[in-house]
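Analysis of the macromolecular model
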Amino acid sequence: MAPRLQLEKAAWRWAETVRPEEVSQEHIEAAYRIWLEPCIRGVCRRNCKGNPNCLVGIGEHVWLGEIDENSFHNIDDPNSERRKKNSFVGLTNLGATCYVNTFLQVWFLNLELRQALYLCPSTCGDHMMGDGIQEEKDYEPQTICEHLQYLFALLQNSNRRYIDPSGFVKALGLDTGQQQDAQEFSKLFMSLLEDTLSKQKNPDVRNIVQQQFCGEYAYVTVCNQCGRESKLLSKFYELELNIQGHKQLTDCITEFLKEEKLEGDNRYFCENCQSKQNATRKIRLLSLPCTLNLQLMRFVFDRQTGHKKKLNTYIGFSELLDMEPYMEHKEGIYVYELSAVLIHRGVSAYSGHYIAHVKDPQTGEWYKFNDEDIEKMEGKKLQLGIEEDLAEPSKSQTRKPKCGKGTHCSRNAYMLVYRLQTQEKSSLTVQVPAFLQELVDRDNSKFEEWCVEMAEMRKQSVDKGKAKHEEVKELYQRLPAGAEPYEFVSLEWLQKWLDESTPTKPIDNHACLCAHDKLHPDKISIMKRISEYAADIFYSRYGGGPRLNVKALCKDCVVERCRVLRLKNQLNEDYKIVTNLLKTNVKGTEGFWVGKSSLRSWRQLALEQLDEQDIDTDQSNGKMNGDTLNKDDSKDDKKDEEEELSFNEDILCPHGNLCITENERRLVSKEAWGKLQQYFPKAPEFASYKECCSQCKILEREGEENEALHKMIANEQKTSLPNLFQDKNRPCLSNWPQETDVLYIVSQFFVEEWRKFVRRPTRCTPVSSVGNSALLCPHGGLMFTFASMTKEDSKLIALIWPNEWEMIQKLFVVDHVIKIIKTETDDANPSQILYTSEPSLCPECREGLLCQQQRDLREYTQATIYVHKVVDNKKVMKDAAPELNVSSSETEEDREETRPEGEKDPDFNQIMHAFSVAPFDQNLSIDGKVLNDDTATLGTLGVIPESVILLKADEPIADYAAMDDVMQVCMPEEGFKGTGLLGH
């Protein structure tokens, strides 16, 4: 037996020998377990919930002994948010904006670009008044250049460890929760910046993007026939290098510049030869910028899946890059040194994390920029380190190649930034303009005020913690009551008092009260007995109530529990007695009627009734820390209880009298009824001589008479309409019978309902009328044509012979007469027959019905659609060809609301997997109509359940590598649609 059950049994053991009227104060205290010994710390490992005197394991261990002051607060040291000496400032990641942060840090450490941006005129002069900027107004940059100015000024001179770039991100209209293509962002932003700066008057500002990042190459095509060269000059801001199949950066550059042969269908039209000729094409580098951006094309288009993927292959690169061998003209300095490596950490093109390794141009030291965190590399060396470990390692990962001195290998680098090598470190000193420095000083002042405020809050928390520590050490030793006066307090409140993470609320003991507003005996397991001294201090400091002292021990509840326990013990004996009494036969005039169902379950009903009062007591006081029991819930519970039959109610008729069915009850002796009545004093009592309900007897006779009447009616109708009942010798419109020129029509629903009644007249209601109005429109016209009644509408109608119709009019009430008349025309062709209906067809309503039927076909929540692949104009059905489970014309919101649990949207990628045809190569059609409108619903496209869609696949391009390059260059990046990057 569980310890808590043992304690409860021991607390009430005295009730076996004590009658309810003999209960004393000693018995009451025993029921409340005051006799239990208190537990000792170190011996008792956890709190004994069944022992109100156990005060161990309620949270006191946190406070006893010496405590570190830092545990009294959850406020970090504000100085940890301060910028470290000789370090850079980080940028907050706003959700998925790490790709923006990496480029901002790279551009910030381009001193020439930063200097040029500082020279841009600003609208900040509008905020100037007197000696400086108005204090009550926050500076709001108006243009992208102003946002960059302010960000760069903060990155340069802020006292914060990191700053918030949300103003810049918001100005660009970027979605902070969606990670975008970093390479595309770089290209689009540089284009936007160049366009914005082109309006500046200062040439050092206007041309800074071209001076720093712009180079020039030429597409050169040479005719093999005449040798004529055709050049197309083009500017570039980065070189996009394919890395597939390569291990070194130099190999990627060589492939970028390699010669391409133009032959066959790809021949070149030579203007000199005036015809298509074989030719060669290559790229020639004409000039290089000061800052050379090399984009490693890690994110490529996968034709098999229709999505981008990441190439996680190692590429080796050196810290010094000599570009002279690749130049058209060899004169000049073309040695570059590595200044930044941008990293994408992750295996997928659609997720992961972006960081940047950037070299300080003034000191030559390398730093790792990871959003808010900035880490300085040791020894002025680039250390890629953990960035080369994939987030999801696999067994097929290639081993990292060995790298020599001055070289590096990376599987995650997606952009390399090289700077033209100079003899000395950069001596350019970039000063923050006065108006920007004033804005930075204001932000630094706010930061310092915040640091002071946080430090004061930490101090207050420490002071409160120390005071609480002293309070707990003092009071916990005085909590045990011993033999002195005591009170009961909620265990939950004591635990919260000892919980340092939550403020202490007033004491609330309402959840432990019984119906008499005293301490409920069953709630003793969630209460603790403490000394009156400690209780006085608790209530004086925290308030609350009600206070529960020795007078709060409820004698009424203890006496009632004593009575219930004694009855429970007596029940076992009475059950045996009643069982034996039921075995004896009872004379007809001496016993009492008891329901058989009640007799089978009377012992369980008695136990439930004995426990009912305790349950009602718990529910009558349902407050728990201020939460009251829901009134609607309590009403529903009571309603459910009322619907359950009490003892002997199973032989009550609907009128509250003795039921007339004797097989549901039996006679018991007077002695047995006496025992049962002790437990169910309110049970219905019916002596053996009690008459059954007179009303039920009358209804029973009436029911028997009705059954006989229904049988008679059914037999008469079955005899009058034998063929209609047996569905034999029925007329047919498509093969008009020779013996009549007139046929009558009724609805098939009437025929089916009438046949049900005739087959089972005692279980069904007689059919009294023929409702032909369902076959007519509101104007009184027929809804069906003669042709439709011979085909699709034949299931809705039943044809009646004239003699049957006469009988139907006698047996039933007919609302409308509908008939079809056959007449032979008087023309030269006597075999021509005309069929007319009375009433005649209503064309408008018939057309409306057809339209509604078509709409019903196209509006469905789930259906099966078949797909057949067409090869050489022949249908091919593969074993794995998909049956698409799709929905039709509901809006997306409607489908979300009405979709059953587990149902998914239609996945047309099933076609791709079944037939190995990528989505962009799929040409779908139905009944000759091409399905090319992605915004249309299936219904509007004419796709109905069981439809067959034809799939014809475009022939794939053989050169997948070339196709990847085309897709990378030509496919627009939809992720930046609607942002400021495309607005220019």
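Structure report, in brief. On a predicted model such as this, the values are computed, not experimentally measured, just so you know.

Notes on the packing of helix 18 (residues 694-720) against helix 20 (residues 748-759)
- Across the interface, helix 18 lies against helix 20 with an axial gap of 8 Å and an inter-helix angle of 125°. Relative to helix 20, the element helix 18 lies oblique. Crossing hand, helix 18 versus helix 20: left-handed. Across the interface between the two elements, His710, Ile713, Ala714, Gln717 and Lys718 of helix 18 pack against Trp754, Phe757 and Val758 of helix 20.
- Counted by class, the contact of helix 18 with helix 20 contains 5 nonpolar, 2 polar and 1 charged residues.

Brief notes about the environment of leucine 950
- Considering the arrangement of structural elements, one finds leucine 950 in strand 40 (residues 948-953).
- Assessed through its relative accessible area of 24%, leucine 950 is described here as partly exposed.

Some words on the pattern of salt bridges
- One pass over the structure, following the stated rule, counts 25 salt bridges.
- Glutamate 184 is the salt-bridge partner of lysine 187, the closest N and O atoms lying 3.7 Å from each other. Of this pair, lysine 187 and glutamate 184 both sit in helix 7 (residues 182-197), 3 residues apart, which is roughly one turn of the helix.
- Salt-bridge contacts for arginine 846 lead to aspartate 793; the nearest nitrogen and oxygen are separated by 3.2 Å. Of this pair, arginine 846 sits in helix 23 (residues 843-858) while aspartate 793 is found in the loop between helix 21 (786-789) and strand 31 (797-800), placing the two residues 53 residues apart along the sequence. Aspartate 793 shares its class with arginine 846; the two are buried.
- Bridged by salt links that share partners, the residues Glu81, Arg161 and Asp373 form one connected network.

Structural notes on empty space enclosed by the protein
- Going through the model one piece at a time under the given rule, you end up with 1 cavity of 30 Å³ or more.
- Of the pockets and cavities examined, the largest cavity occupies roughly 40 Å³.
- In this structure, the largest cavity is lined by Cys98, Asn101, Thr102, Gln105, Tyr354, Phe369, Asn370 and Asp371.
- Counting residues per element, the ones that place at least two in the lining of the largest cavity are helix 3 (98-108) and strand 19 (366-370).
- Looking at which element gives the most residues to the lining of the largest cavity, the answer is helix 3, with 4 residues.

Looking at the sheet that holds strand 11 (residues 279-287)
- The 4 strands are arranged 6-5-11-8 in an open sheet whose pairing can be described as antiparallel. Unpaired on one side and paired on the other, strand 6 (229-236) and strand 8 (260-262) mark the two borders of the sheet. Between one strand axis and the next, the sheet turns by 25° as a mean value, whatever way the strands run.
- Where strand 8 and strand 11 come together, 3 bridges link them in antiparallel fashion. By the bridge assignment for strand 11, leucine 262 is matched with alanine 279.

Cut-offs and rules
Residues numbered from 1 in each chain as written. Predicted model: local features only at pLDDT ≥ 70, side-chain atom pairs only at ≥ 80, totals over all residues. Heavy atoms only, no water. Axes fitted to C-alpha atoms, helices over the stretch in contact; angles between N-to-C directions. Helix = DSSP H or I, 4+ residues; strand = E, 2+ residues; numbered from the N terminus. Parallel < 35°, antiparallel > 145°, perpendicular 65-115°, else oblique. Left-handed = near helix turned anticlockwise from the far one by under 90°. Contact = heavy atoms within 4.5 Å. Nonpolar A, V, L, I, M, F, W, Y, C, P; charged D, E, K, R; others polar. Buried < 20%, exposed > 50% of the residue type's maximum accessible area, 1.4 Å probe, protein only. Salt bridge = Lys/Arg side-chain N within 4 Å of Asp/Glu carboxyl O. 1 Å grid on protein atoms, 1.4 Å probe; cavity = no way out; pocket = protein on both sides within 12 Å on 5 of 7 lines; lining within 4 Å. Points joined across faces, edges and corners; volume = space filled by probe spheres on them. Pairing = 2+ DSSP bridges.

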